[in-house]
Structures are given as structure tokens and as C-alpha cells.
Amino acid sequence: MTLITSSAELAAFCDRMAAADYIAIDTEFMREHTFWPKLCLVQIAGLDEAAAIDPLAPGIDLEPLFTLVHNPKVLKVFHSARQDVEIFDHLTGRVPTPLFDTQVAAMVCGFGESVSYENLVGKLANARIDKSSRFTDWSHRPLTERQIDYALADVIHLRPAYEALRRQLTKSGREAWLAEEMAILCDPGTYRTEPDQAWLRLKPRNASAKFLAILREVAAWREREAQKRDIPRGRILKDEALLEIAAHTPRDIDGMARIRGMSRNMAEGWQGQGLIAAVERGLATPPDQAPKLAQRPPTPPGIAPLVELMRVLLKMKCEDEGVAQKLVAGSDDLEAIAMDDDAEVPALHGWRRELFGEDALALKRGGIALAVQGRRIRVVTL
């Protein structure tokens, strides 16, 4: 059991890890009571050693850790990296690079969609993971030996899993496929939501310009307050209340107090003041400057059967090539391709186009057909 709780230990460990070609890394965090994830533990495994780092240890300086995760010469290997990367992006203002996500790599290598760490290391490292501490309170101190052993297992077994996946990618020539996905994970925009875009999370159905202008303002106000106060959005106001405010446009304390989910005290306090001001900003927005809902064109007759044919083609191609369907195209992508040869969807770009997109267009144009041969679906050139 190796738990680092001092700045000197951390600096020495990170110096040793900086000489590695790659490190396996994972985090444990809590988010139930905060807007930003609270980092509670960082686990790192190098070639010869692994350690858990306690970021909550009194007086510990995490700068050596941040220097390591941003070292361009050291590959950082995560499993399902998005939330871990978000933490480092928030703490440092930068995305750790370069990255390798074993969950995405497993999808490229045919292990199915969103394969769990437990299943992946079971197949690739012949390891069994004890998940009994999965729901532990990682912010509570002191940590037990069992907690630390559990946490370290998440990086110790990640190394052989990574090496096996890297060999498969090299053998199949799909390293460029993974590189496209890692570019998305390395994009800071992946982890940052502008307050003015927060209304999109609410998935409104009302297309009224006034409704959407007010919704944008009240959702942006809540987003800024949640970030500033570091509390969950719902602790400030529930989504349903924001939608009701946009629909009923309360402009004073009495009107705000009638909104479901708003108490009189809230309406008279800072929440009510901020929301009333946001409603006024929304009402002052010219209709041509209000946000708009993305309008999906009506589906022409005959498109639905074509989409189903494309779905069969997608399944066949992905099974033949050993890649997860989810990584290639979704239902919306198939419908977009069925309606537009130049649809702006990932399936018509890069390796996805080579794997599926070209044949999808050929199927649509009548250049190929699908036939059953034995118990398998085959592509027939017409």
C-alpha cells in the first residue's frame, strides 16, 4: 500500500514517473454536493511502481502532479477519461495531453460499446476487480488499506490492458482511428459549457422566441451562480422551475413566488432578484436575436425503410470489422445520410466513411444491395 501525503514524496514520485513513456492514471472524486468535482484521490502506475496521491492531505503541493499530467513526453492512459480529464482541466485550466482512453480503444478493437474497466481487464489482463468499494466516500479520512488497494487496482491492471490494446491497434492498422477520437478528448471545448448555452441542457419544446430568450437568460444566470458558489445547479433551482419561469415570465416578487419550486423566501432573496433581472433581459431581447430550436425537416415517405436498411448495413460492417456501432454512427446519423448525401455527420468523414459511409451512400443510390448468403448478410454490387 503506497499513499502519498506529503509534498516531498509527491515531487520525488512525479520525478520518477516523468521518465516513463506512459503512465496509467485514475481519479476518485465526489460531486454530490458541488458543481465542480471534488478531487479526493489520484492513482498513478508506472513501469515499476504505483501510488495513490491524497490531494486532501494538509499542506500538500499538487504542482508536481500537474506538471506530470501536462508533460508532453508522457502518455497518460485512462479508462473512460472524460470525467478525469474534466477535473484536471478545471484545476489547471489545461487538458492533459497526450491521452489514450482504453474504453474508446476497446470500442475500436471490437470489445463492444462502452466496455467496463472490470470486463476489459478481465479479458486483457486476466484480472478480477473487487468492486465492493465502488460507492465509498472518498472524501472521508483516514482512508482504509482496503480503499487504497481498490483504488490502486484501477491503474495497476490498466497497464497490461493498454499494452494489449496498443498491440491490437498496431496489428489492425487502426491507430489513426483512435487518434481522431483522442483529438476530441484533448479539445478543451469538450469540457466547457458556456453559460449562454446552458439552456440547451433543458431540451425545451416551446419554440417561441420570447420563451427561448427568457430561458437562455435564466439558465445562464443559474449556471454562473452554480459555478461561482460551487453547488449543484439543482440546489439553486430545478430545471422544471426554469422552464416555468420562461413560460410565465414573472417580473416581480409576487409573480416569482407563485412559480412551483420557488418559496417566498427564495423569491425575496438573491435567487428572486437574479431571476427577475434575467427575465427582464430575456424580454428585452429582439426576436431575431433569440435562440432557436434546431428544426428537423419532416421525414419524406420511404426514408424510414431506407434507414432500417442502413442500420442492417452498419451492423454487418461493424461485426465484420470488429468495431462498436456506437463509434461509427447513431440513429440520427443514419437518418441524416438517408436524407442528404452531404450530411454533416462523422460517418461521412475519415475512417468512418471508409468503413461505412461510402457503402451507405452506395446503398442509397442503388449501387449495392444486401443479400443473405447462408446465415450472413452480404453486400452485392449492382
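Reading the values: rules and limits
- Residues numbered from 1 in each chain as written.
- Predicted model: local features only at pLDDT ≥ 70, side-chain atom pairs only at ≥ 80, totals over all residues.
- Heavy atoms only, no water.
- UniProt positions renumbered as here; feature names shortened; annotations may be inferred.
- Helix = DSSP H or I, 4+ residues; strand = E, 2+ residues; numbered from the N terminus.
- 1 Å grid on protein atoms, 1.4 Å probe; cavity = no way out; pocket = protein on both sides within 12 Å on 5 of 7 lines; lining within 4 Å.
- Points joined across faces, edges and corners; volume = space filled by probe spheres on them.
- Nonpolar A, V, L, I, M, F, W, Y, C, P; charged D, E, K, R; others polar.
- Domains from an automatic or database assignment.

## Brief notes about the UniProt feature "domain: HRDC" (unreviewed entry) in the protein
Line of reasoning, step 1. UniProt records the feature "domain: HRDC" (unreviewed entry) for residues 208–289 in the present numbering.
Line of reasoning, step 2. Taken end to end, residues 208–289 comprises 72% helix and 0% strand; its first and last C-alpha atoms sit 12 Å apart.

## Let's talk about the layout of surface pockets
Line of reasoning, step 1. Size it by volume and the largest pocket reaches roughly 750 Å³.
Line of reasoning, step 2. In terms of lining residues, the largest pocket is bounded by 23 residues, among which Asp26, Thr27, Glu28, Phe29 and Gln83 are the most central.
Line of reasoning, step 3. Elements represented by at least two residues in the lining of the largest pocket include exactly β2 (22–30), α3 (82–92), α5 (117–124) and α6 (145–156).
Line of reasoning, step 4. Within the lining of the largest pocket, the residues separate by chemical class into seven nonpolar, seven polar and nine charged.
Line of reasoning, step 5. A volume near 400 Å³ is recorded for the second largest pocket.
Line of reasoning, step 6. Along the wall of the second largest pocket there are 17 residues; nearest its centre are Trp36, Glu86, Tyr191, Arg192 and Thr193.
Line of reasoning, step 7. Secondary structure elements with two or more residues in the lining of the second largest pocket: α3 and α9 (209–229).
Line of reasoning, step 8. Looking at which element gives the most residues to the lining of the second largest pocket, the answer is α3, with four residues.
Line of reasoning, step 9. Class assignment of the residues belonging to the lining of the second largest pocket gives a composition of four nonpolar, five polar and eight charged.
Line of reasoning, step 10. Composition of the lining of the second largest pocket by domain shows at least three residues from each of domain 1 (3–190) and domain 2 (195–289).

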